[in-house]
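# Coordinate analysis (summary)
One letter stands for each residue in the lines below.
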Amino acid sequence: MATPSGLRILLVEKDIAAADRLTATLKDIFPDCLTVNSVQWSGDALRFVQSETCSVVLMSLGGPREIDGVVALKAAAPGVPLIAIIAEDDESFALSVLKAGAQDCLYACQMGPQLLSRSIRYTLERAHAQEQIAYLAQYDAVTGLPNRVLFRDRLEHALAQAQRKRARIAVVSIDLDHFKSVNDLLGHEIADRLLCDIAERIKGQIRRGDTLARMGGDEFMIILEDIRDFSDAANVAQKILDVMARAFVIQGEEMFLTTSIGIASYPASGIESTQLIKNADAALYAAKRSGRGCYRFYDPTMNEYADERLKTLTRLRHAISREEFVLHYQPVVDARSQSVIGFEALLRWNDPKRGLVSPGEFVGLLEDTGLIIEVGNWVLRTACEQQKLWKEIGLGSFKMAVNVSARQFRQRDFVGTVALIVQDTGMDPHDLQLEITESLLIDNMTAAAAKLRALHTIGVRFSIDDFGTGYSSLNYLKRFPLYAIKVDRSFMENISEGRDEDAIVNAIISLGHSLRMKVVAEGVETEAQIRFLAENGCDCLQGYYYATPMAAADVEKWLQNRTAEGDKSAGLRFLGRDAAAG
Ligand code: C2E
Ligand code: MG
Ligand code: MG
């Protein structure tokens, strides 16, 4: 029997002289590797096992009344083996000690060094074996990943939580195509190493809280928790396909594997663990049937969506370098004087296949993939350059409003990037208005406030876009240096008809003013709306009544036209070329 290494024994003995004798015996038995901690009372022992690591407890018991101490210690540290020492050769007492959870019970009157040594070694070996068994029952021995049993357990747990939080989950089933032939060709040992590499690659593509399990053979499964919608699962699946497509180096040779993936999502494709696992597997077989090396959803409509999304994404990736993005500009008008005070820059994608595409169709994709950072910076630079140019050619000194996405705003160097663009383009920072949404401020108030303040000091202004659709609490807005709020266009439709919208818009206007902010109405389409808004003190107006968003060249014509015909009526008669709007 091997000598255990790094042995730490906790001795529980009321008699100090007896404790010293026992410690000396223990040091004789395990001369090089032993630490003994000695306590007198079971209460101290309890505190010890709760705060320290310990290999085994040796506990001397004076009589049956002290069995409670054994029970308490086993409850506090079930993994630490306990050997009891009782004074007399009393079989029934010994049996109740073992029943209470002790691994062994020795009689003090018979206990020599040999017996003590054997008892400690056997007890430790048994504890180790039990630990192994418990581990193997839940984990895969080759990769160290959770196995099928633990996977199911975690899935049940995740489902219960998702039900409470009304969250979404995806179960992703992964299978390596033709892995059997790798096994046959290269042998188990190499195949096992390959499985570990594969596990590492997959793990790199999921979040830390997600579970990756090896279900057996070449099958893996993932639980993706808290996904926003199924396209998140599609993103992860695609990333896994991408990393798995890279070569594996085995014995100096490159080897390629293809992977198939099936996805079932909760609650759309099932609400129970068994059903979800079965449906993810069914989707996996569909992926294999449709040519391998791809992912499929259990629900066929999700496949169509995911396919379409993937294609669009590929084209979007090229859109920047091919200069397919353009900006259109929509005028913002002063409600009282009806003169143009600024423009909002709105992004369009000039897709060679479909023509002008609205941001509603692709900004979400740009956000998900992080492409929005690059595109957003391009938007900001282009809009600033345009503003500067209009000023230089004498068209007017307009405010320029630019939409900023959450992902852009959260970039650590956001403030620096904006400052640099303003500086590079030579634009007056007071003319720049960044439009942000409420949710972006709520997410991390402290960081958001710091960014707003930093840009505010150099003169850049901020407005809250789509106000009224989010939290709509003007109270928290007080702490941010904000210039304006833009009332969402959904309120405009029924305005001036004496309905609820009238009261809401009025409340927003007066609250905005009480916080010294300008109020801008979006989506103004009729004269009745203009009259209502102007009468109720709204500061600025924007909408199709004046003009749809227009290409820069059209803005010049529109402005000239407007000057020639008189401010108020010109807008309606001019139709800018913004095929994407409305
Ligand atoms: P938004 O910032 O609230 O922009 C106003 C939207 O309302 C624009 O839609 C505009 O064309 C539309 N609109 C203006 N007047 C009227 C009207 O009288 N009636 C109606 N029905 N609609 C009107 P668009 O251009 O499709 O943009 C949609 C959203 O996409 C924008 O909403 C903004 O959130 C986002 N977006 C646009 N450009 C960018 C950009 O450069 N970056 C980012 N991150 N988001 C952008
Ligand atoms: Mg906007
Ligand atoms: Mg808006």
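Above this text you will find the structure in question.
Our subject in this report is the structure included herewith. The shown structure was predicted, so the numbers you read here are calculated from the model rather than taken from an experiment. (Residues numbered from 1 in each chain as written. Chains lettered and ligands numbered in written order. Predicted model: local features only at pLDDT ≥ 70, side-chain atom pairs only at ≥ 80, totals over all residues. Heavy atoms only, no water.)

### A closer look at the environment of Met 255
Mapped onto the elements, Met 255 comes out in strand E10 (residues 253-255). Sequence separation between Met 255 and Thr 469 is 214 residues, and the spatial gap between their C-alpha atoms is 53 Å. Those residues in contact with Met 255 that lie beyond four places of it in its chain are Val 182, Leu 186, Leu 194, Ala 247, Phe 248 and Ile 250. (Helix = DSSP H or I, 4+ residues; strand = E, 2+ residues; numbered from the N terminus. Contact = heavy atoms within 4.5 Å.)

### Considering the layout of surface pockets
In this structure, the largest pocket spans a volume of roughly 1200 Å³. Along its surface, the largest pocket is lined by 45 residues, and Leu 346, Pro 359, Asn 403, Asp 465 and Arg 489 are the ones closest to its centre. For the lining of the largest pocket, the secondary-structure elements that each account for two or more residues are strand E14 (340-351), helix H12 (363-369), helix H13 (371-392), strand E16 (399-403), helix H14 (406-410), helix H16 (438-443) and strand E18 (461-467). In terms of residue count, the dominant contributor to the lining of the largest pocket is E14 (five residues). Tallied by class, the residues present in the lining of the largest pocket amount to 16 nonpolar, 17 polar and 12 charged. Counted as a void, the second largest pocket has a volume near 550 Å³. In this structure, the second largest pocket is lined by 24 residues; those nearest its centre are Asp 232, Asn 235, Val 236, Lys 239 and Asp 368. Of all the secondary-structure elements, those providing two or more residues to the lining of the second largest pocket are strand E8 (219-227), helix H9 (230-244), helix H11 (300-319) and H12. With seven residues, the top contributor of residues to the lining of the second largest pocket is H9. There are two domains that each give the lining of the second largest pocket at least three residues, and those are domain 2 (148-299) and domain 3 (312-575). (1 Å grid on protein atoms, 1.4 Å probe; cavity = no way out; pocket = protein on both sides within 12 Å on 5 of 7 lines; lining within 4 Å. Points joined across faces, edges and corners; volume = space filled by probe spheres on them. Nonpolar A, V, L, I, M, F, W, Y, C, P; charged D, E, K, R; others polar. Domains from an automatic or database assignment.)

### Looking at the site of ligand 1
Near ligand 1 lie 20 residues; those nearest to it are Asn 403, Asp 465, Arg 489, Glu 525 and Tyr 544. The contact in question runs from an oxygen atom of ligand 1 to an N or O atom on the side chain of Asp 465, over 2.8 Å. Take Tyr 544: an N or O atom from its main chain is 2.8 Å from an oxygen atom of ligand 1. Summarising the interface, the protein chains cover 84% of the accessible area of ligand 1, which totals 790 Å² for the free molecule. The cavity where ligand 1 resides is the largest pocket. If you list the elements that add at least two residues to the shell around ligand 1, you get E14 and E18. Tallying contributions element by element places E14 first for the shell around ligand 1, with four residues. Within the shell around ligand 1, the residues separate by chemical class into seven nonpolar, five polar and eight charged. (Near = heavy atom within 4 Å. Polar contact = N/O pair within 3.5 Å; in protein donor to acceptor, adjacent residues only side chain to side chain. Areas by Shrake-Rupley, 256 points an atom, 1.4 Å probe, with all protein chains shown as cover. Sits in = over half its atoms within 2 Å of the grid points.)

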